Amino acid sequence: MTRGAMVVTGGIGSGKSVLVEALGATGFDTVDADRIGHRLLASGTVINQAVRRRWPEVGMPDGEVDRKRLAHIVFGDPDELAALEAITHPAIRSELRSLLESEGDLLVIDLSVPRAIADDEDLARLPVVVVDAPVELRRRRLTERGLEEPDVSRRLAAQPSRGEWLRLADLVVPNHGGLDSLRAAAEAVRRWFAARQT
């Protein structure tokens, strides 16, 4: 691999995407693994076809996948979630490897599902920054975004526990306050990463 890279992750509502955006402002290239997954689900792709075969009810007349309906199915059933990940994760890992093997600046991977890279030896060696917030605070943030309570509970249940997130971390960035303090933490993360590279 030719690019220095790290993973930023954390539970839904933790603020990881805000930290990734702030790191981008400090000079990192950034990539959102969820957006890669969304692109792979576009009409006509191999992944789209595989998902529509597995869950015909999520297919739309224009060939797209109804992601909201798919989310309702998979976040309510661990076996269904595992089936979706078995379809999508290999392709996401392949795209991430290509990005890491290309020439370029430092890279931050915004990753909502750490197990998406766990089966790849090179990707699994990347340092992991976990943005941490208490579950009840994350739950409040999600309902303030407009998610219904049952959907919030399903999504939280489908993710690792707070303790599991923290065990993944090479660095923990607390986000118990406002977004300004989280954005300010980006410079400290940048320095931490630079020190690891020397």
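The model shown is predicted, which means the values in this text are computed figures rather than measured ones.

## Thoughts on the sheet that holds strand 2 (residues 29-32)
Phase 1 of the analysis: Strand order in the open sheet made by the five strands is 2-3-1-4-5, with parallel pairing throughout. The outermost strands of the open sheet, each flanked by one partner alone, are strand 2 and strand 5 (171-174). Each neighbouring strand pair of the sheet contributes to a mean axis angle of 25 degrees, computed without reference to strand direction.
Phase 2 of the analysis: Pairing geometry for strand 4 (residues 128-132) and strand 5, over four bridges, is parallel. What sits directly across from Val131, in strand 5, is Val173.
Phase 3 of the analysis: Relative to the sheet, helix 1 (residues 16-25) contacts strand 1 (5-9), strand 2, strand 3 (107-110), strand 4 and strand 5, its axis offset from that of strand 1 by approximately 150 degrees.
Phase 4 of the analysis: Packing of helix 2 (residues 33-40) onto the sheet brings it into contact with strand 2 and strand 3, and relative to strand 2 it is tilted by some 50 degrees.

## A word on the side chain of Ser14
Phase 1 of the analysis: With respect to the secondary-structure elements, Ser14 resides in the loop between strand 1 and helix 1.
Phase 2 of the analysis: When its relative accessible area of 1% is taken as the criterion, Ser14 is described as buried.
Phase 3 of the analysis: A distance of 2.8 Å separates the side chain of Ser14 from the backbone oxygen of Gly11, its partner in a polar contact.
Phase 4 of the analysis: Ser14 has contacts with Val131, Ala133, Arg138, Arg141 and Asn175, leaving out every residue within four places of it along the chain.

## Notes on the environment of Thr9
Phase 1 of the analysis: Here Thr9 lies in strand 1.
Phase 2 of the analysis: Judged by its relative accessible area of 0%, Thr9 is buried.
Phase 3 of the analysis: In the structure, Thr9 is positioned 102 residues away from Leu111 in sequence and 5.1 Å away in space, judged by C-alpha atoms.
Phase 4 of the analysis: Here Thr9 is in contact with Lys16, Leu111, Ser112, Pro114, Val128, Val129, Val130, Val131 and Trp165, once residues within four sequence places are set aside.

## Thoughts on empty space enclosed by the protein
Phase 1 of the analysis: One pass over the structure, following the stated rule, counts one cavity of 30 Å³ or more.
Phase 2 of the analysis: When its volume is computed, the largest cavity comes out at roughly 30 Å³.
Phase 3 of the analysis: Lining the largest cavity we find Gly11, Ser14, Val131, Asp132, Ala133, Arg138, Arg162 and Trp165.
Phase 4 of the analysis: Only strand 4 and helix 10 (162-168) provide two or more residues apiece to the lining of the largest cavity.
Phase 5 of the analysis: Here the residues of the lining of the largest cavity are counted per class, giving three nonpolar, two polar and three charged.

## Overview of helix 4 (residues 67-74)
Residues spaced three or four apart along an α-helix face the same direction, because each turn holds 3.6 residues.
Phase 1 of the analysis: Along helix 4, the residues that are buried comprise Leu70, Ala71, Ile73 and Val74. Across the axial projection of helix 4, the buried residues extend over an arc of 160 degrees, all falling on one side.
Phase 2 of the analysis: Between the side-chain oxygen at the start of helix 4 and the backbone nitrogen of Lys68 there is a gap of 3.2 Å, and the oxygen is on Asp66.

Calculation criteria
Residues numbered from 1 in each chain as written. Predicted model: local features only at pLDDT ≥ 70, side-chain atom pairs only at ≥ 80, totals over all residues. Heavy atoms only, no water. Pairing = 2+ DSSP bridges. Helix = DSSP H or I, 4+ residues; strand = E, 2+ residues; numbered from the N terminus. Axes fitted to C-alpha atoms, helices over the stretch in contact; angles between N-to-C directions. Contact = heavy atoms within 4.5 Å. Buried < 20%, exposed > 50% of the residue type's maximum accessible area, 1.4 Å probe, protein only. Polar contact = N/O pair within 3.5 Å; in protein donor to acceptor, adjacent residues only side chain to side chain. 1 Å grid on protein atoms, 1.4 Å probe; cavity = no way out; pocket = protein on both sides within 12 Å on 5 of 7 lines; lining within 4 Å. Points joined across faces, edges and corners; volume = space filled by probe spheres on them. Nonpolar A, V, L, I, M, F, W, Y, C, P; charged D, E, K, R; others polar. Arc of directions from axis to C-beta.

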